[in-house]
Protein chains: 2
Amino acid sequence: MKAAYYQGTKSFSIKDCIPQQPRTDEVRIDVSHCGICGTDLHVYRGHMDERVNFPQIIGHEMSGVIAEVGKGVEAFAIGDPVVVRPLASCGNCPACHAGHRHICQNLNFMGIDSPGAFQTSWTVPADVLHKLPPNIDMKMAALIEPLAVACHDVRLGQIQADEKVVVIGGGPIGMLVSIVAQSKGATVILSEINPFRLNLAKGFGLDPVNPTQQDLLRYVEDKTGGAGADAVFEVSGSESGAEVMTELPRTRGRIIVVAIFPEPQPVDLFRFFWREIQMRGTRVYEPEDYEEAIVLVASGALPLEKLITAVQPLEELPEAFRSLDTSPNHLKILIDCSG
Amino acid sequence: MKAAYYQGTKSFSIKDCIPQQPRTDEVRIDVSHCGICGTDLHVYRGHMDERVNFPQIIGHEMSGVIAEVGKGVEAFAIGDPVVVRPLASCGNCPACHAGHRHICQNLNFMGIDSPGAFQTSWTVPADVLHKLPPNIDMKMAALIEPLAVACHDVRLGQIQADEKVVVIGGGPIGMLVSIVAQSKGATVILSEINPFRLNLAKGFGLDPVNPTQQDLLRYVEDKTGGAGADAVFEVSGSESGAEVMTELPRTRGRIIVVAIFPEPQPVDLFRFFWREIQMRGTRVYEPEDYEEAIVLVASGALPLEKLITAVQPLEELPEAFRSLDTSPNHLKILIDCSG
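Everything numeric here is computed off the predicted structure, so don't read it as measured data. (Residues numbered from 1 in each chain as written. Chains lettered and ligands numbered in written order. Predicted model: local features only at pLDDT ≥ 70, side-chain atom pairs only at ≥ 80, totals over all residues. Heavy atoms only, no water.)

Now for the overall build of chain A. Within chain A, the regular secondary structure consists of 11 helices and 18 strands. In summary, chain A has a C-alpha radius of gyration of 20 Å against a globular reference of 20 Å for 339 residues, a match within 12%. Taking the principal axes of its C-alpha atoms as reference, chain A extends roughly 60 × 45 × 40 Å. Within chain A, contacts between residues at least 6 apart in sequence are counted, and of these 68% link residues at least 24 apart. Just so you have it, chain A exposes about 13300 Å², and 48% of that area is on carbon and sulfur atoms. Averaged over its 29 positive side-chain charges, chain A has a centre that lies 2 Å from the centre of its 42 negative ones. (Helix = DSSP H or I, 4+ residues; strand = E, 2+ residues; numbered from the N terminus. Rg over C-alpha atoms; globule rule 2.2 N^0.38 Å. Contact = heavy atoms within 4.5 Å. Areas by Shrake-Rupley, 256 points an atom, 1.4 Å probe, with all protein chains shown as cover. Lys, Arg positive; Asp, Glu negative; His and termini not counted. Charge placed at Lys NZ, Arg CZ, Asp CG, Glu CD.)

See below:
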């Protein structure tokens, strides 16, 4: 078998290695596909070296088939198509006790804090698996993880049919949040500056706005009769996003902070007071979000295939990261690990 | 009759004037008492001169007795003790249509945008009145308006019995939020730097902390078994308050922004993501908050009398504003308008 090891800033090596036999309550999965996440790109750029104990196998947006089961595993069998929900929680911290295991205060995010899925064979605890329906497309199934993020964001954002939603930032997660919100019956304005992504959004029936060419605030006010948006998703992680997000919601409107902001941002707290705006941060997903994402992928109802701009074999992973880091015309690149 | 006119920065004049006869659907109230609000102090300091069209009679934390009723007023009669909920909404904006009349997009806040209660006789529309129970103490009744603010904040903050709450800032509103949250069964840590207020808080059975002398974050973690607070009210309006407010909540904990921040503040949005923190702004009150505040004042259950640090006649209003502006040992000063 082969694995891709992150070796420090912008460096990977692909090496032969020995499959790890599953221990009690573990399974070994033959990985089919694994997408490159924005977080993987942060790792690649060296921004997370304090957290990632390299050399490390990263990657967590995967699909695969069970190849071997350890003792005690009864819910899964060899040949089952599965995805991994890559969160190992401690079970003992206040967050776990409160039922918020997905944001455990000692969370082990598999593929960052421990080995991940950019390898042909991945051994994981069985309790992080979700079984897939038969005949699901395994390429599409590699989108279940980021789609589950979007399902979580839209669920906590309490998006209802006929609501007017603004999504700031049209990367993979912003795009998925947009199409999930749209599938709930919301009208979605997507704010994005990249022409390739704006064009893609248009094809999805979203309402794309380039805020460098158009006054986003006025556009949203015009579209909402002066009320403002019901909900605003900040997915850009940009200073300008943090600035405009408070201008857009209606009275008692909601802001959902999806993006990761490494530094504190100037935020207009007066606007929160003035319009009684609500904001919540959302992070990863809970099991029910995975189940929703699986149903959505299996149904074929969303235009997910168009989000995939390349599929490359594991050997070309370094090149795939380079393209994603430099080309404005990529959105989601999948690594084919079936080798 | 007499009225106090704000004349520009730190200047009031007390003048004789003619009572304004109530028109259709209006009443004239003989004002009993009117408290000086933090907003009145902002006006006094000249910070709101663009909004306040002076000379202006300000003041809105009042109690009084109906002296005269206009045509069409049936729900109120001469002699009724009342308080005014000083919000005149337009009824036509998106906020009003959405049922958020208290934060109408064209709100007329009586006592700021139009004449207020620092006068012996005040004529207002009958639809902003709340009737008081007989024999209520009219000094205490002047606290109903700020108490309704606190009831609104605690209601929207969804404070439950046995929750651990932190209130940042122990001015009149912070103190009222603290004792209302406490009356719901919450344990309240009050962060404040003024020794007079810390001492007062101690007398109320709150848990006062001076963050310049003690590590507030560590204190809250110790008191919550490492979990963090269920809810944090930011009532200080300070940069340090905006900084610490995101450090204190538990996973999915709530921040309630009560304070008015004139400028955007650096806010740790990463923490919102990391702990899925929720935040909401709260502003003024709705009718049900007034009704709750009236019941609380009438019941005598809260130690409200101790919040009143002076009662001064209308003629001494300029002196009262001077004391409140300069002395650290004042909390709420009432103006006796009964002349």
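This part is about the interface of chain A and chain B. Counting residues at the interface gives 42 residues for chain A and 42 residues for chain B. In this assembly, chain A packs against chain B so that about 3700 Å² is buried in total across both faces, 61% of it on carbon and sulfur atoms. Residues Glu 286 of chain A and Arg 252 of chain B are paired through a salt bridge, measuring 2.9 Å at the closest nitrogen-oxygen approach. The interface formed by chain A and chain B holds 21 residue pairs in polar contact (both at pLDDT 80 or more) in total. For the side of chain A that touches chain B, the element with the most residues is helix 9 (residues 269-275) of chain A, which contributes six residues. With three bridges joining them, strand 16 (residues 278-281) of chain A and strand 16 (residues 278-281) of chain B adopt antiparallel strand pairing. From the neighbouring strand, Arg 280 of chain A faces strand 16 of chain B, where its bridge partner is Gln 278 of chain B. (Buried area = accessible area lost by both parts, 1.4 Å probe. Salt bridge = Lys/Arg side-chain N within 4 Å of Asp/Glu carboxyl O. Polar contact = N/O pair within 3.5 Å; in protein donor to acceptor, adjacent residues only side chain to side chain. Pairing = 2+ DSSP bridges.)

Take the pattern of salt bridges next. All names here are of chain B. Going through the model one piece at a time under the given rule, you end up with 38 salt bridges over all chains. Between Asp 30 and Arg 28 there is a salt bridge, with the nearest N and O atoms lying 3.5 Å from each other. With relative accessibility at 38%, the residue Asp 30 sits in the partly exposed group. Linking Arg 252 and Glu 276 is a salt bridge whose minimum nitrogen-to-oxygen distance equals 2.8 Å. (Buried < 20%, exposed > 50% of the residue type's maximum accessible area, 1.4 Å probe, protein only.)

A separate point is the environment of Arg 23 of chain B. All names here are of chain B. Relative to the helices and strands, Arg 23 is located in the loop between strand 2 (12-16) and strand 3 (26-35). Given the relative accessible area of 56%, Arg 23 is considered exposed. Along the chain, Arg 23 and Val 69 lie 46 residues apart, while their C-alpha atoms are 8.3 Å from each other. Among the polar contacts made by the side chain of Arg 23, one reaches the side chain of Glu 26 at a distance of 2.9 Å.

Quick look at the relation of the copies chain A and chain B now. The two copies are related by a screw operation: chain A maps onto chain B through 180 degrees of rotation and 0.0 Å of translation along the axis, at an RMSD of 0.0 Å. One copy is carried onto the other by what is essentially a two-fold rotation axis. Among all C-alpha atoms of chain A, that of Pro 266 of chain A lies closest to the rotation axis, at 2.1 Å. (Least-squares fit on C-alpha atoms with pLDDT ≥ 70 in both.)

The subject of this paragraph is the sheet that holds strand 11 (residues 187-191) of chain B. Judged by pairing direction, the sheet is mixed, and its 12 strands sit side by side in the order 12(A)-11(A)-10(A)-13(A)-14(A)-16(A)-16(B)-14(B)-13(B)-10(B)-11(B)-12(B) without closing on themselves. In this open sheet, the two edge strands, each paired with only one partner strand, are strand 12 (207-209) of chain A together with strand 12 (207-209) of chain B. Direction aside, neighbouring strands of the sheet carry axes that sit 20 degrees apart on average. By the bridge criterion, four bridges tie strand 10 (residues 164-168) of chain A to strand 13 (residues 229-234) of chain A in an arrangement that is parallel. (Axes fitted to C-alpha atoms, helices over the stretch in contact; angles between N-to-C directions.)

Moving on: the packing of aromatic side chains. This model, assessed by the stated rule, comprises 20 aromatic pairs over all chains. For the ring pair Phe 12 of chain B and Phe 321 of chain B, a centre distance of 4.6 Å and an interplane angle of 45 degrees mean the geometry is tilted. Of this pair, Phe 12 of chain B sits in strand 2 while Phe 321 of chain B is found in helix 11 (residues 317-326), placing the two residues 309 residues apart along the sequence. What makes Phe 321 of chain B buried here is its relative accessible area of 0%. One cation-aromatic arrangement involves Arg 283 of chain A over Phe 273 of chain B; the distance from NZ or CZ to the ring centre is 5.9 Å. When the ring centre of Tyr 5 of chain B is taken as reference, the NZ or CZ atom of Lys 15 of chain B above it lies at 5.4 Å. (Phe/Tyr/Trp six-rings, centres within 6.5 Å; stacked < 30°, edge-to-face > 60°. Lys NZ or Arg CZ within 6 Å of the ring centre and 35° of its normal.)

Right, let's talk about the packing of helix 4 (residues 144-156) of chain B against helix 10 (residues 287-299) of chain B for a bit. Geometrically, a packed helix pair is captured by the angle between its two axes and the distance between the axes. All names here are of chain B. Viewed as axis vectors pointing N to C, helix 4 and helix 10 meet at an angle of 115 degrees, and their least axial separation amounts to 8 Å. For helix 4 against helix 10, the interelement crossing comes out right-handed. Across the interface between the two elements, Ile 144, Glu 145, Leu 147, Ala 148, Cys 151, His 152 and Arg 155 of helix 4 pack against Glu 288, Asp 289, Tyr 290, Glu 292, Ala 293, Ile 294, Leu 296 and Val 297 of helix 10. Classifying every residue of the contact of helix 4 with helix 10 by side-chain character gives nine nonpolar, one polar and five charged. (Left-handed = near helix turned anticlockwise from the far one by under 90°. Nonpolar A, V, L, I, M, F, W, Y, C, P; charged D, E, K, R; others polar.)

Residues and elements named next belong to chain B. Counted residue by residue, strand 8 (residues 121-125) has four buried out of five residues, so it is predominantly covered. Across five bridges, the pairing between strand 3 and strand 8 is antiparallel. Counterpart to Asp 30 in the pairing with strand 8 is Ser 121.

All names here are of chain A. As for its placement among the helices and strands, His 330 is situated in the loop between helix 11 (317-326) and strand 18 (332-336). Once the C-alpha coordinates of His 330 and Thr 309 are considered, the two residues, 21 residues apart in sequence, prove to be 5.6 Å apart. If sequence neighbours within four positions are ignored, His 330 has contacts with Phe 196, Arg 197, Thr 309, Ala 310, Ser 323 and Leu 324. Among the polar contacts listed, one links the side chain of His 330 to the side chain of Thr 309, at a separation of 2.8 Å.

This brings us to the pairing of strand 18 of chain A. All names here are of chain A. With four of its five residues buried, strand 18 lies for the most part within the structure. For strand 3 (residues 26-35) and strand 18, the ladder comprises three bridges, and the chain directions are antiparallel. Among the inter-strand pairings, Cys 34 is bridged to a residue of strand 18, identified as Ile 335. Handedness of the strand 17 (residues 308-313)-helix 11-strand 18 crossover: right-handed. (Right-handed = clockwise from strand over helix to strand, strands pointing away.)

Residues and elements named next belong to chain A. In the structure shown here, the tally under the stated rule is zero disulfides over all chains. No disulfide involves Cys 151; its sulfur sits 15 Å from the nearest other cysteine sulfur, which is in Cys 37. With relative accessibility at 1%, the residue Cys 151 sits in the buried group. (Disulfide = S-S within 2.5 Å.)

With that out of the way, let us pick up helix 7 (residues 216-223) of chain A. Residue and element names in this part refer to chain A. All of the buried residues along helix 7 are Leu 216, Tyr 219 and Val 220. End-on, the buried residues of helix 7 take up no more than an arc of 95 degrees, which puts them together on one face. Seen from the open side of helix 7, the exposed residues pointing more than 90 degrees away from its buried face are Arg 218 and Asp 222. The N-cap of helix 7, judged by a side-chain oxygen 3.1 Å from the amide nitrogen of Leu 217 a few residues on, is Asp 215. One or two steps after helix 7, the chain reaches Gly 225, where phi turns positive at roughly 60 degrees. (Arc of directions from axis to C-beta.)

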